[in-house]
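Coordinates in review
Residue-level listing of the chains:
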Amino acid sequence: MRRDQRDALLERRFGDDHAHRPMERIDARERPARSGAFGDPRGILEDMPEHGDEARSLGGVEVGDGDGRHEEVGISTLLVRDAALLATFDDAGRELPGGSLFARDGVIEAIGPAHELPAQADRVIDASNLVVLPGLVNTHHHFYQTLTRNVPAAQNAKLFDWLTTLYPIWARMDTEAIRVSTAVAIAELMLSGCTTASDHTYLWPNGSRVDDQIAVARDLGFRFHAARGSMSIGRSKGGLPPDSVVEDEDTILADCERVIATYHDSARYAMTRIVLAPCSPFSVSDTLMRESVALARKHGVHSHTHLAETRDEEAFCLERYGRRPVELAEDLGWTGDDVWHAHMVWPSTAEVARLGATRTGVAHCPTSNMRLGSGIAPLRALVDAGARVGLGVDGSASNDGSHLLAEARQAMYLARVHEAPAAFDAREILRVATRGGAAVLGRDDIGALAPGMAADLIGLRIDTLAMAGAAVHDPLAAIVFTQPSTVDLSVIAGRVRVLHGALEHMDIEQLIADQNRIARHLVPAS
Ligand SMILES: [Zn+2]
């Protein structure tokens, strides 16, 4: 054994820290033998690229030129080997004890026992103390709201009061606020197992643009469906939001065309897609709802909005249109396999059937629905009807966290309370969180681990305090039944984004400081 190899091994044996220390390359075959039923708990063994230790600031507007300058140049193959359990969520639902995965250029090439896969790769991760599964997919969020979590005046409000309290605060946001809050939300999502998310920002004050979010997501290597949200009915036209945060409808449609032309990537394994997303049928005109979904279909992009969130909304719909919310959406062209709605708490039995028959998507956001006292969505019924259903953390001023794995736990338990004691088990709720979310976003290249799928995966240690006495019985279900605080590994498009429970190459302290400075400025102490 060469000296550098011996040093690397020593560091791995005794260096149980989470710092981003550069390590020497090591041949995976020379690793120490595993111990215990689920392998060596001393840490994930890891090959660090020599140039991969560059910390960067996410403060202000410095990040996000989207030029990929932080990419791991030359890293094209990845081997995740000897997982304690590799749960594929493929069509057969295969779970492979000791399974390994080989990916090239961001795409999974092979899955199976390590001896059947290439023995070396540009990056090798020993997953012997990890349960590995596909990255989770978040189908509804408002990244900017991470700046206004837990605002005292909105802590106990129902939806409409909550909105009218927060609109004037959000109206003070600018480009820096959008960029920093986007980075905060993505960081939280990645640490909680999410590898792909859609964000729905529907107000763009003071020169901010969806471009700002896309730049940050690209810089962080995060798979992102940017929903270009909008509102056009301000207070002077009988709407809820102040006029300063609504836009002219021609401006909205023109900007939607612009961002589709600039950013939308319809190719398989796309990192960036655009979604057209008026905030709700009540914050824009019927004409814009129709024109927006028509524009989306013209360009082959998906459409998203809020629907059937509260009883108040249902009453409003019946009074103003003589229609129930899903009936109204159908009238406006807003059902089908290229549309998804956030919440869907109050569909009638007939509406659930219509959503299923039309393969319309639903973003289920249980924590937000509880936080605002909105109600409990009929998750089991929606899935059984054939609707495409995924999870959303929503928020972040109505959650107020962006923890997607915790959302899966919440969804499982709430369905048991609301629908049936055995409504969902851990595997099925994880299926909703992975493949379900992928289907909602219209993707068949993420949500499962199989050859030809994107190399988006997460790993959680099974030798932690939270997992003690749980993972030994069933390591996959343990990640839902217990409460792991973070994932230990996250890989997006074949690149390691979280390692040892920490984000790679991110200056989190600076990010938190920037976020808090901006949040204080938006909501001055009273
Ligand atoms: Zn929402």
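The present account deals with the structure reproduced in this document. What you see as residue numbers is a count from 1 along each chain, following the sequence as written. Confidence filtering applies because this is a predicted model: local features only for residues at pLDDT of at least 70, side-chain atom pairs given and counted only at 80 or more, and all residues used for totals across whole chains, interfaces and linings. With hydrogens and water stripped out, all remaining heavy atoms of the structure feed into the side-chain values.

**Quick look at the coordination of the zinc ion**
Formally: Here the term donor refers to an N, O or S atom within 2.8 Å of the metal (or 3.2 Å for Na, K and Ca), and because water is left out of the atoms, sites may appear incomplete. In these descriptions, tetrahedral denotes four donors with every angle between 85 and 135 degrees, square planar four donors and octahedral six donors with opposite donors over 155 degrees apart and the rest between 65 and 115, and irregular any other case. Helix and strand labels come from DSSP, where a helix needs a run of H or I of at least four residues and a strand needs a run of E of at least two; each type is numbered from the N terminus. With a 1.4 Å probe rolled over the protein chains alone, any residue whose accessible area is under 20% of its type maximum counts as buried; one over 50% counts as exposed, and the rest are partly exposed.
Bound to the zinc ion on the protein side are His-140 (NE2), His-142 (NE2), His-306 (NE2) and Asp-394 (OD), at distances that span 2.1 to 2.6 Å. Its 4 donor atoms give the zinc ion angles of 86 to 177 degrees at the centre, a pattern that matches the irregular case. Written as a sequence motif, the donor residues of the zinc ion are H-x1-H-x163-H-x87-D. Highlighted residues: His-140 in the loop between strand 8 (136-138) and helix 2 (159-170) and His-306 in strand 12 (residues 302-307), separated in sequence by 166 residues. Among the residues examined, His-306 registers a relative accessible area of 9% and is labelled buried.

**Here's the deal with the pairing of strand 16 (residues 457-461)**
Consecutive side chains of a regular strand alternate in pointing toward one face of the sheet and then the other. What counts is decided by this rule: At least two bridges found by DSSP between two strands are what make those strands a pair.
Across the 5 residues of strand 16, 5 count as buried, placing the element largely inside the fold. Where burial is concerned, the two faces of strand 16 agree: the one with Leu-457, Gly-459 and Arg-461 and the one with Ile-458 and Leu-460 are both buried. Bridge count for strand 7 (residues 130-134) against strand 16 is 5 bridges, and the pairing is antiparallel. Each bridged residue has a counterpart across the sheet, and for Pro-134 the counterpart in strand 16 is Leu-457. Sheet topology places strand 16 next to strand 17 (residues 489-492); 3 bridges connect them, and they run antiparallel. Its bridge partner lying in strand 17, Leu-457 is registered against Val-491.

**Some details on the packing of aromatic side chains**
Which entries qualify depends on this criterion: Working definition: a ring pair exists when centres of Phe, Tyr or Trp rings (six-membered ring for Trp) sit within 6.5 Å. Plane angles under 30 degrees give stacked, over 60 give edge-to-face, the rest tilted.
For the structure shown, the criterion picks out 7 aromatic pairs. Summarising the aromatic geometry, the rings of Phe-143 and Phe-224 are spaced 5.8 Å apart at their centres and angled 20 degrees between planes, so their arrangement reads as stacked. Placement of Phe-143 in the loop between strand 8 and helix 2 and of Phe-224 in strand 10 (residues 223-230) is noted, with a sequence separation of 81 residues between them. Residue Phe-143 is classed as buried on the basis of its relative accessible area of 0%. Residue Phe-224 is classed as buried on the basis of its relative accessible area of 0%. On the basis of an interplanar angle of 90 degrees and a centroid distance of 5.1 Å, the ring pair of Tyr-144 and Trp-170 is categorised as edge-to-face. Of this pair, Tyr-144 sits in the loop between strand 8 and helix 2 while Trp-170 sits in helix 2, placing them 26 residues apart in sequence. On the basis of relative accessible area, Tyr-144 is assigned to the buried category, the value being 1%. Clustering of aromatic rings is evident, with ring pairs tying together Tyr-144, Trp-162, Tyr-167, Trp-170 and Tyr-202.

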